[in-house]
Amino acid sequence: QVRQFFSRMDGPFSATRLETYATCAFKYFSKRVLHLNEPLESKEFLETGNILHRVLEEFYQSFSESERKSVHFWRNESRIRKVLFTKLNEVVSLDLFSNQPLYRKRVYLGLIEELLDFFISQEKASYENRRVFPSFFELEFGLGQKEGVLPFLEIEDGFGKPIQIEGKIDRIDLTEDGSKALVLD
């Protein structure tokens, strides 16, 4: 049904746009056809997600590839936590929830800190179980075919016409030899 809907339109399409339509056609209609804005209540969640993305990207990029590959990387949890929360404070200082009263800012910051603690425990377990390490961050594909950007992802629409998808992949983890990948988005 999603492929059929988008095959009638000119692309390329973002993965988020396809996901929005697939999960809630009315939300897609409201946003993409009527051009209605998100309700104010949901903007805090969007901002929280943006902050988390930025913190995690900067966190991983602050380490060299050899450090991220090391079997000891996640064993020094106090160092990991210190670097991660330092990155959070740097990002938050850039005007976190500027339109919110101080008590709400503290609530959101507390929520983000809890999510980062959960992230640490999950990443540690993930590394020990899968032996993959973070390799690429915010990897673009499609996006106007800029130089150095991966090509569009194309999905057959079932009627002989490809649907082009563009966007950014949050993170790609690779095994030591690069033979397997885990895409996290």
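Rules and cut-offs
Counting of residues starts from 1 at the beginning of each chain's written sequence and follows it residue by residue. Residue-level local features of this predicted model are given only where pLDDT is at least 70; pairs of side-chain atoms are given and counted only at 80 or more, and the full residue set underlies all totals for whole chains, interfaces and linings. The basis for every side-chain value is the complete set of non-hydrogen atoms in the structure, without hydrogens or water. Working definition: helices are DSSP H or I runs of at least four residues, strands are E runs of at least two. Numbering for both runs from the N terminus. Only protein chains enter the accessibility calculation, which uses a 1.4 Å probe; a residue is then buried when its area is under 20% of its type maximum, exposed when over 50%, and partly exposed in between. Only heavy atoms enter the contact rule, under which two residues are in contact if any of them lie within 4.5 Å. A helix is expected to reach a length of 1.5 Å times the quantity of its residues less one. The directions from the helix axis to the C-beta atoms form the arc being described. If DSSP finds at least two bridges between two strands, the strands pair. Note on geometry: axes are C-alpha line fits, over the in-contact stretch for helices, and angles between N-to-C directions span 0 to 180 degrees. Should the near helix be turned anticlockwise from the far one by less than a right angle, the crossing is termed left-handed; should it be turned clockwise, right-handed. Three classes are used: nonpolar for Ala, Val, Leu, Ile, Met, Phe, Trp, Tyr, Cys and Pro, charged for Asp, Glu, Lys and Arg, and polar for all others, with Gly counted as polar. Between Lys or Arg on one side and Asp or Glu on the other, a salt bridge is scored when a side-chain nitrogen of the former is within 4 Å of a carboxyl oxygen of the latter. Definition used in this section: a nonpolar core is a set of buried Ala, Val, Leu, Ile, Met, Phe, Trp, Tyr and Cys residues joined via side-chain atoms within 4.5 Å. Should an angle lie under 35 degrees it is considered roughly parallel, over 145 roughly antiparallel, and from 65 to 115 roughly perpendicular; all remaining angles are considered oblique. Exposure above 30% relative accessible area and the lack of any salt bridge qualify a residue for a patch; like charges then connect within 9 Å, and the nonpolar side chains Val, Leu, Ile, Met, Phe, Trp and Tyr within 5 Å. Here the Shrake-Rupley method, with its probe set to 1.4 Å, supplies the accessible areas, and only the displayed protein chains count as covering residues.

*Asks:* Explain the overall build of the protein to me, and be specific about the residues and the numbers.
*Replies:* Secondary structure summary: the protein contains seven helices and five strands in total. Put simply, the protein runs from its N terminus to its C terminus through helices and strands in the order α-β-α-α-α-α-α-α-β-β-β-β. Burial status across the protein gives 31% buried among its 185 residues. The contacts in the protein between residues at least 6 apart in sequence include a share of 61% that link residues at least 24 apart.

*Asks:* Would you mind going over helix H6 (residues 77-92) in detail, with residue names and values included?
*Replies:* Spacing of three or four residues puts side chains on the same side of an α-helix, whose turn is 3.6 residues. Taking 1.5 Å of rise per residue, 16 residues should cover 22 Å, and H6 covers 22 Å from first to last C-alpha, within 8% of that figure. Among the residues of H6, Ile-80, Leu-84, Phe-85, Lys-87, Leu-88, Val-91 and Val-92 are the ones counted as buried. Angularly, the buried residues of H6 cover 150° about the axis, an arc narrow enough to put them on a single face. The exposed residues of H6 that point more than 90 degrees off its buried face are Ser-78 and Lys-82.

*Asks:* An account of the pairing of strand S5 (residues 181-184) is needed here, citing residue identities and associated values.
*Replies:* Successive side chains on a regular strand alternate, one facing one side of the sheet and the next facing the other. Alignment of strand S4 (residues 162-175) against S5, held across four bridges, turns out to be antiparallel. Residue pairing for S5: Ile-172 is matched across the bridge by Val-183. Counting the residues in the hairpin turn of S4 and S5 gives five residues, including Gly-178, whose phi is positive at 75°.

*Asks:* Could you give an account of the packing of H6 against helix H7 (residues 102-130), with specific residues and numbers?
*Replies:* Taken N-terminus to C-terminus, the directions of H6 and H7 make an angle of 145°; their axes are 11 Å apart at the nearest point. Crossing hand, H6 versus H7: right-handed. Contacts between H6 and H7 involve Glu-77, Ile-80, Arg-81, Leu-84, Phe-85, Leu-88 and Val-92 on the former and, on the latter, Leu-109, Ile-112, Glu-113, Leu-116, Asp-117, Phe-119, Ile-120 and Lys-124. Taken together, the residues that form the contact of H6 with H7 break down as ten nonpolar, no polar and five charged.

*Asks:* Tell me about the pattern of salt bridges, and name the residues and values.
*Replies:* If you walk through the whole model with that rule in mind, you get eight salt bridges. Glu-77 is the salt-bridge partner of Lys-124, the closest N and O atoms lying 3.3 Å from each other. Of this pair, Lys-124 sits in helix H7 while Glu-77 sits in helix H6, placing them 47 residues apart in sequence. Overlapping salt bridges, with partners in common, bring together Glu-123, Arg-171 and Asp-173 in one network.

*Asks:* Report on the side chain of Lys-87, specifying residues and quantitative values.
*Replies:* Secondary-structure assignment places Lys-87 in helix H6. The contact partners of Lys-87, leaving out residues within four places of it in the chain, are Val-55, Glu-58, Phe-59 and Ser-62.

*Asks:* Kindly report on the nonpolar core, identifying the contributing residues and their values.
*Replies:* In terms of nonpolar packing, the biggest core is built from 21 residues, with Phe-59, Trp-74, Leu-84, Leu-88 and Leu-116 touching the most fellow members. In terms of residue count, the dominant contributor to this core is H6 (six residues). Once you skip the residues sitting within four places of it in the chain, Leu-88 turns out to touch Ile-51, Val-55, Leu-109, Ile-112, Glu-113 and Leu-116. Phe-13, Phe-141, Ile-163 and Leu-174 belong to the second-largest nonpolar core, a separate cluster that totals eight residues.

*Asks:* Outline the packing of helix H2 (residues 15-23) against helix H3 (residues 25-33), supporting the account with residue identities and numerical values.
*Replies:* At a minimum axis distance of 5 Å, the contact between H2 and H3 shows a crossing angle of 130°. It follows that H2 is oblique to H3 by the angle criterion. Counted together, Arg-17, Thr-20, Tyr-21 and Thr-23 of H2 and Ala-25, Lys-27, Tyr-28 and Arg-32 of H3 form the full contact between these two elements. Grouping the amino acids of the contact of H2 with H3 by side-chain chemistry returns three nonpolar, two polar and three charged.

*Asks:* Explain a nonpolar patch on the surface residue by residue, including any values.
*Replies:* On the surface, Phe-26, Phe-29, Val-33, Leu-34 and Leu-36 cluster together to form a nonpolar patch covering roughly 500 Å² of accessible area. Relative to the elements of secondary structure, Phe-26 occurs in helix H3. Exposure remark for Phe-26: the relative accessible area of 60% places this residue in the exposed category.

What is shown is where atoms sit, not what they do.
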